[in-house]
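Here is how the chains run, residue by residue.
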Amino acid sequence: MHRLTIVSLKSLIAVLLALLLICQTVVVPTIAANMAAMLPPLAYLQWPGVIAAAVFVLCLQVTLVYVWRMLSLVREGIIFNPRAFRYVDVILGSIILATIIVLGSLITITNAQAGSPSIALLCVLGIIVGSMLALLVVVLRGLLRQASQLESDLAEVV
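Here's what I pulled together on the structure shown here. (Residues numbered from 1 in each chain as written. Predicted model: local features only at pLDDT ≥ 70, side-chain atom pairs only at ≥ 80, totals over all residues. Heavy atoms only, no water.)

1. What about the environment of Leu64?
Spelled out, the test is: Numbering of helices and strands runs from the N terminus, with a helix taken as a DSSP run of H or I at least four residues long and a strand as a DSSP run of E at least two residues long. Whether a residue is buried, partly exposed or exposed follows from its accessible area with a 1.4 Å probe, protein chains only, as a fraction of its type maximum: under 20%, in between, or over 50%, in that order. We call two residues contacting when some pair of their heavy atoms lies within 4.5 Å.
Tracing the sequence through the fold places Leu64 in helix α2 (residues 46-76). A relative accessible area of 15% means that Leu64 is categorised as buried. If we ignore the near neighbours within four places in the chain, the residues touching Leu64 are Ile13, Leu16, Leu17 and Leu20.

Printed below as a string of structure tokens:
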């Protein structure tokens, strides 16, 4: 992969990590406090919502950090290293956990009758996208395993 491509991707990941950190520490708590003030009967959902959102964003951050690490393996030409499989497993786990958090949020919002239908629809969309991404990572992990095996077989022949 071209060096400029990897540097560009890492730069975008760094910007996204910074923006996610701002959302996690400032935006989400502020919005939750405003919503609790506007809707006192639902104020009890403020801190569970902040915690769920913080863990969700943490899942995104972990995924980005491990994508960064995989890009480093690509740059070094050792993507077929056993470490890559651990990185992919962490990425997969983060995606699954984020999807479970969205599902839990949907259940909580629905039971509390706290959200509009558009919020429920966004949660359903998030669950579908999260499930799709998890399955895609599973397929890509299988491809990485096959490519690693082919490289190993080729190294034995040469």
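2. Topic: a nonpolar patch on the surface
For clarity, the threshold we go by: For patches, a residue must show more than 30% relative accessible area and have no salt bridge; joins then use 9 Å for like charges and 5 Å for nonpolar side chains, namely Val, Leu, Ile, Met, Phe, Trp and Tyr. Computed with a 1.4 Å probe, the accessible areas rest on the Shrake-Rupley method; for each residue, only the protein chains presented here act as cover. Salt bridges, as used here, are contacts in which a Lys or Arg side-chain nitrogen is within 4 Å of a carboxyl oxygen on Asp or Glu.
On the surface, Val15, Leu16, Leu19, Ile22, Val26, Val27, Ile31, Met35, Met38 and Leu39 cluster together into a nonpolar patch covering about 870 Å² of accessible area. Classification of Val26 as partly exposed rests on a relative accessible area of 46%.

3. Examining helix α4 (residues 117-157)
Worth spelling out the cut-off: What a helix should span is 1.5 Å times the count of its residues minus one.
The end-to-end C-alpha distance of α4, which contains 41 residues, comes to 60 Å, matching closely the 60 Å that a straight helix rising 1.5 Å per residue would cover. For α4, every residue scored as buried is listed here: Cys123, Ile127, Gly130, Ala134, Val137, Leu144 and Ser148. At its buried positions, α4 is contacted by α3 (82-112).

4. A word on the environment of Gly93
Of note, Gly93 is situated in helix α3. The exposure class assigned to Gly93 is partly exposed, which follows from its relative accessible area of 35%. It is 8.9 Å that separates the C-alpha atoms of Gly93 and Thr63, two residues lying 30 residues apart in sequence.

5. Some points on the packing of α3 against α4
Which entries qualify depends on this criterion: Here, axes are lines fitted to C-alpha atoms. For helices the fit covers the stretch in contact, and angles between N-to-C directions go from 0 to 180 degrees. Should an angle fall under 35 degrees it is taken as roughly parallel, and over 145 as roughly antiparallel, whereas 65 to 115 is taken as roughly perpendicular and any remaining angle as oblique. The handedness criterion is simple: a crossing whose near helix is rotated anticlockwise from the far helix by less than a right angle is left-handed, and one whose near helix is rotated clockwise is right-handed. Charged means Asp, Glu, Lys or Arg here, nonpolar means Ala, Val, Leu, Ile, Met, Phe, Trp, Tyr, Cys or Pro, and polar covers whatever is left, Gly included.
Contact pair α3 / α4: the axes reach a minimum separation of 9 Å and the direction vectors enclose 165°. Viewed along their axes, α3 and α4 adopt a mutual orientation that is roughly antiparallel. The handedness of the crossing between α3 and α4 comes out as left-handed. The residue inventory of the contact of α3 with α4, partitioned by class, reads 21 nonpolar, five polar and three charged.

6. Description of the nonpolar core
Our working definition: Think of a nonpolar core as a cluster: buried Ala, Val, Leu, Ile, Met, Phe, Trp, Tyr and Cys residues, connected wherever their side-chain atoms sit within 4.5 Å.
Membership of the largest hydrophobic core comes to 14 residues, with the highest contact counts inside it found for Met70, Ile79, Ala84, Ile91, Val137 and Leu144. When residues of this core are traced back to their parent elements, those giving at least two are α2, α3 and α4. In terms of residue count, the dominant contributor to this core is α3 (seven residues). Those residues in contact with Ile79, other than ones at most four positions away along the chain, are Met70, Leu73, Val74, Ala84 and Leu144. Within the second largest apolar cluster, six residues are counted, among which are Ile6, Leu20, Leu64 and Leu71.

7. Quick notes on the packing of aromatic side chains
Two measures describe an aromatic ring pair: the distance that separates the ring centres and the angle between the ring planes. Filter applied, for reference: Stacked, tilted and edge-to-face pairs are distinguished by plane angle, under 30 degrees for stacked and over 60 for edge-to-face with tilted covering the rest, among Phe, Tyr and Trp rings (Trp via its six-membered ring) whose centres lie within 6.5 Å. Distance and angle both matter: a charge sits over a ring if NZ of Lys or CZ of Arg is within 6 Å of the ring centre and within 35 degrees of the ring normal.
Evaluation of the coordinates by the stated rule reveals one aromatic pair. Ring centres 5.4 Å apart and planes at 65° place the aromatic pair Tyr66 and Tyr87 in the edge-to-face group. Residue Tyr66 is located in helix α2, and its partner Tyr87 is located in helix α3; the two are separated by 21 residues in the primary sequence. You'll find Tyr66 and Tyr87 in the same group, each marked buried. Positioned over the ring face of Tyr66 is Arg69, at 4.8 Å from the centre of the ring.

8. Section: unusual backbone geometry
Keep in mind that most residues, glycine aside, have a negative phi and that most peptide bonds are trans. Phi at Gln113 is positive, roughly 50°, even though this residue is not glycine. In this fold, Gln113 is placed in the loop between α3 and α4. For Gln113, a relative accessible area of 71% translates into the label exposed.

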